[in-house]
Amino acid sequence: MQLAQMQEQTLQLEQQSKLKEYEAAVEQLKSEQIRLQAEEKRKTLSEETRQHQARAQYQDKLARQRYEDQLKQQQLLNEENLRKQEESVQKQEAMRRATVEREMELRHKHDMLRVEAEARARAKAERENADIIREQIRLKAAEHRQTVLESIRTAGTLFGEGFRAFVTDWDKVTATVAGLTLLAVGVYSAKNATAVAGRYIEARLGKPSLVRETSRVTVPEALRHPIQVSRRLLSRPQDALEGVVLSPSLEARVRDIAIATRNTRKNQSLYRNVLMYGPPGTGKTLFAKKLALHSGMDYAIMTGGDVAPMGREGVTAMHKVFDWASTSRRGLLLFVDEADAFLRKRATEKISEDLRATLNAFLHRTGQHSSKFMLVLASNQPEQFDWAINDRIDEIVSFDLPRQEERERLVRMYFDKYVLKPATEGKQRLKLAQFDYGRKCSEVARLTEGMSGREIAQLALAWQAMAYASEDGVLTEAMMDARVQDAVQQHQQKMSWLKAEGPGPGLAADPSHSRLSGPCALRKCSWVGPGLLAGPLCTRTSCGGQPFYPP
């Protein structure tokens, strides 16, 4: 019985346990149902919120579209009103113009009718009064004729009586003849004195027509620019090679010439004449200016091409140049650029008689050394000089194309002058990008082989112009490279043109001579520019090292 009770209790406990599990499951189901209901409610609220937002956005879109449509309609309406106003204004202007034209037409017709009526009335009056008018003209002519005859009779009577009285009085005749003689002498003397004074003033103060540029102060220039003239007069002598880049050997030689010229001026001795020859753009003109400023002299620049067009006036103009040069108190350096244009050979060259006479005048004025002026000739073809010109030259200096060292100095100098200084000062619309300037200058010097100093200066100006033409005004390394490439191509094109012209006199064409040159020390042959010129001993086998004598 106890066992049965215990089993019964165990069964009851199991039933109670199952009942509790069932109740727990029921509770779990209830909580799950509540969770599902809450989730469904949340989803429903989210969907309602989304639908409300979509409805609000759609309504807002419709409102904006309606506003835009209203604006477009208002704009169209305004344009239509403006078009109508313009048409109205145009119609009013057309009506006003038509009214003005009609008024002008009516006024013109009225004026024409009035003029026609006046002309008719005047013609009618003249026809009716023709007899009276002819009678008045006849009476006036008769009166005028009578008056003229009476005046002639009176004048003849007075002149005859005066001449009779004058002839009979010998004192008056003598005084009159003496007065006329003195008047003629005075007029002739004043005319010649004025001419002499004019020539003296022109020689002292004026600048001859052949002189293109001079540092000598003239009265008109002093009146126009007194401050600049004062600074020029008070300035100290400059270095003869300041801003001039030459090879070391040539620098030493021209510096010796500059020192000798300066000491010659100090000792008031006779100046020596110099010939500078070489390719264009190698610094001949620049050195001549620096030589004059270094020596404390005035300089005057004339061009040989200006002499031939003067014709018969060339002789007079040449004498005026040397007369003017002789009046300089500081001494004058007369620089003749392109001297071969008129100092040609008289025996073989075909020159006009006027140019021959001008050359003779030049030879006459330069036959002896002078303490008043120094003659400096520059030429690209000195072999064309007359032999008398060569006899007047004391120093011959060859200006060669710059080598790589000189080209690098030139590139750096002009880069600093035209690009770097304007960019750093900030006064101009020019800036520089960041790159190695020194390395770039060395590279440009290597690429510009065969180019002259003038071509390198033009290249630097091309860099400056390219920076000015850019949008931001910045000069980059790529822009510099592009301009260098263009300059090299242009130089090669020029050299091809020069090669097509053929070799100069004295030797057949030999491209190996294109870069041989040097100072004139041994007076042997040398290939410079277009042909053989007086220079050092040539080492090329085509010349054979034989002396070259100009014809």
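Residues numbered from 1 in each chain as written. Predicted model: local features only at pLDDT ≥ 70, side-chain atom pairs only at ≥ 80, totals over all residues. Heavy atoms only, no water.

We apply this condition: UniProt positions are given in the numbering used here, feature names are shortened, and annotations may be inferred rather than shown by experiment.
Under an unreviewed UniProt entry, the name given to the protein chain is ATPase family AAA domain containing 3A, and the organism recorded is Cebus imitator. If you open the UniProt record of the protein chain and go to Sequence similarities (unreviewed entry), you find "Belongs to the AAA ATPase family."

Let's talk about the packing of helix H11 (residues 404-425) against helix H12 (residues 437-447)
Our working definition: The axes used here are C-alpha line fits, helices contributing only the stretch in contact, and every angle between their N-to-C directions lies in the interval 0 to 180 degrees. Under the DSSP-based scheme used, a helix requires at least four consecutive residues in state H or I and a strand at least two consecutive residues in state E, with every element numbered from the N terminus. These descriptions rest on fixed angle ranges, namely under 35 degrees for roughly parallel, over 145 for roughly antiparallel, 65 to 115 for roughly perpendicular, and the rest for oblique. The handedness criterion is simple: a crossing whose near helix is rotated anticlockwise from the far helix by less than a right angle is left-handed, and one whose near helix is rotated clockwise is right-handed. Two residues qualify as a contact provided that any one of their heavy atoms is within 4.5 Å of a heavy atom in the partner residue.
At a closest axis distance of 8 Å, the pairing of H11 and H12 adopts a crossing angle of 130°. By the angle between their directions, the pair H11 and H12 is classed as oblique. As for the relative orientation of H11 and H12, their crossing is right-handed in sense. Each of Gln-404, Arg-407, Glu-408, Val-411, Arg-412, Phe-415 and Leu-420 in H11 lies in contact with H12, whose residues at this interface are Tyr-437, Gly-438, Cys-441, Ser-442, Val-444, Ala-445 and Arg-446.

A few points about the side chain of Ser-379
We apply this condition: Pairing of N or O atoms within 3.5 Å defines a polar contact, subject to two protein rules: one partner must be a possible hydrogen donor and the other a possible acceptor, and residues neighboring in sequence count only if both atoms are side-chain atoms.
Turning to its location among the elements, Ser-379 is positioned in strand S5 (residues 373-379). Polar side-chain contacts of Ser-379 include one of 2.5 Å to the side chain of Asp-340. Residues within four places of Ser-379 in sequence aside, it is in contact with Met-276, Tyr-277, Gly-278, Lys-284, Asp-340 and Phe-385.

Some words on the environment of Glu-455
When you line up the elements, Glu-455 lands in helix H13 (residues 453-469). In this view, Glu-455 contacts Gly-450, His-491 and Lys-494; residues no more than four positions away in its chain are not counted.

Some words on a nonpolar patch on the surface
We count it as follows: Each patch groups residues whose relative accessible area exceeds 30% and which form no salt bridge, using 9 Å between like charges and 5 Å between nonpolar side chains of Val, Leu, Ile, Met, Phe, Trp and Tyr. What sets the accessible areas is the Shrake-Rupley method with a 1.4 Å probe; for residues, cover comes only from the shown protein chains. In the sections that follow, a salt bridge refers to a side-chain nitrogen of Lys or Arg positioned within 4 Å of a carboxyl oxygen of Asp or Glu.
Where nonpolar side chains cluster on the molecular surface, the patch consists of Val-148, Leu-149 and Ile-152 and spans about 240 Å² of accessible area. With respect to the helices and strands, the residue Leu-149 is situated in helix H2 (residues 130-168).

Some details on the sheet that holds strand S3 (residues 298-303)
Our working definition: In this description, strands pair whenever DSSP reports at least two bridges between them.
Spatially, the six strands line up as an open sheet ordered S1-S3-S4-S5-S2-S6, and their pairing is mixed. Of all the strands in the sheet, the pair left with one neighbour each is strand S1 (211-214) and strand S6 (395-398). Put simply, the sheet's adjacent strands are angled 20° from each other on average, direction ignored. As judged from the five bridges shared by strand S4 (residues 332-337) and S5, these two strands associate in the parallel manner. In the strand pairing of S5, Val-336 is matched with Leu-377. Across the sheet, helix H7 (residues 284-295) is in contact with S1, strand S2 (274-277), S3, S4 and S5; its angle to S4 comes to roughly 175°.

Here we look at the packing of aromatic side chains
Which entries qualify depends on this criterion: Note on ring pairs: Phe, Tyr and Trp rings are taken, using the six-membered ring of Trp, and paired if centres are within 6.5 Å. Classes follow the plane angle, with under 30 degrees stacked, over 60 edge-to-face and the rest tilted. Only protein chains enter the calculation, and the probe is 1.4 Å; a residue is then buried if its accessible area is under 20% of its type maximum, exposed if over 50%, and partly exposed in between.
Counted according to the given criterion, the structure contains eight aromatic pairs. Ring centres of Phe-287 and Phe-399 lie 6.1 Å apart, and the angle between their planes is 45°; this geometry places the pair in the tilted category. Residue Phe-287 is found in helix H7, and its partner Phe-399 is found in the loop between S6 and H11; the two are separated by 112 residues along the sequence. For Phe-399, a relative accessible area of 0% corresponds to the buried category. Seen in terms of ring centroids, Phe-415 and Tyr-437 are 5.8 Å apart; in terms of plane orientation they differ by 50°. Their pairing is tilted. Taken together, the residues Phe-415 in helix H11 and Tyr-437 in helix H12 connect sequence positions 22 residues apart.

Structural notes on the packing of H13 against helix H14 (residues 477-500)
In plain terms, the rule: Each residue is assigned to one of three groups, with Ala, Val, Leu, Ile, Met, Phe, Trp, Tyr, Cys and Pro labelled nonpolar, Asp, Glu, Lys and Arg labelled charged, and all others, Gly among them, labelled polar.
At their nearest, the axes of H13 and H14 sit 10 Å apart, and the two run at 140° to each other. Here H13 is positioned oblique relative to H14, judged by the angle of their axes. For the crossing formed where H13 meets H14, the hand is right-handed. Counted together, Glu-455, Leu-459, Ala-462, Trp-463, Met-466 and Ala-467 of H13 and Met-479, Met-480, Arg-483, Val-484, Ala-487, His-491 and Lys-494 of H14 form the full contact between these two elements. When grouped by side-chain class, the residues that make up the contact of H13 with H14 number nine nonpolar, one polar and three charged.

Structural notes on the side chain of Ser-295
Summarising the element assignment, Ser-295 is placed in helix H7. Since its relative accessible area comes to 2%, Ser-295 is described here as buried. Within the local environment of Ser-295, its side chain forms a polar contact with the backbone oxygen of Leu-291, the two atoms lying 2.8 Å apart. Residues within four places of Ser-295 in sequence aside, it is in contact with Ala-258, Thr-261, Arg-262 and Arg-265.

Quick word on the nonpolar core
Using the following cut-off: In this description, a nonpolar core means a group of buried Ala, Val, Leu, Ile, Met, Phe, Trp, Tyr and Cys residues linked to one another through side-chain atoms lying within 4.5 Å.
In this structure, Leu-343, Phe-362 and Leu-377 are the most contacted members of the largest nonpolar core, which totals 32 residues. Only S2, S3, helix H8 (313-326), S4, helix H9 (353-365), S5 and helix H10 (387-391) provide two or more residues apiece to this core. At six residues, the largest contribution of residues to this core is made by H8. Look past the residues within four positions of Leu-377 in its chain and what remains in contact with it is Val-274, Leu-275, Met-276, Val-336, Ala-339, Leu-343, Phe-362, Ile-389 and Ile-393. Grouped together as the second largest cluster of nonpolar side chains are 27 residues, Val-419, Leu-475, Met-479 and Ala-487 included.

What about the pairing of S2?
Where burial is concerned, the two faces of S2 agree: the one with Val-274 and Met-276 and the one with Leu-275 and Tyr-277 are both buried. Of the pairings in the sheet, the one linking S2 to S5 comprises four bridges and is parallel in character. Note on S5: the bridge partner recorded for Val-274 is Val-376. Where S2 and S6 come together, four bridges link them in parallel fashion. Directly across from Leu-275, in S6, lies its bridge partner Ile-396.

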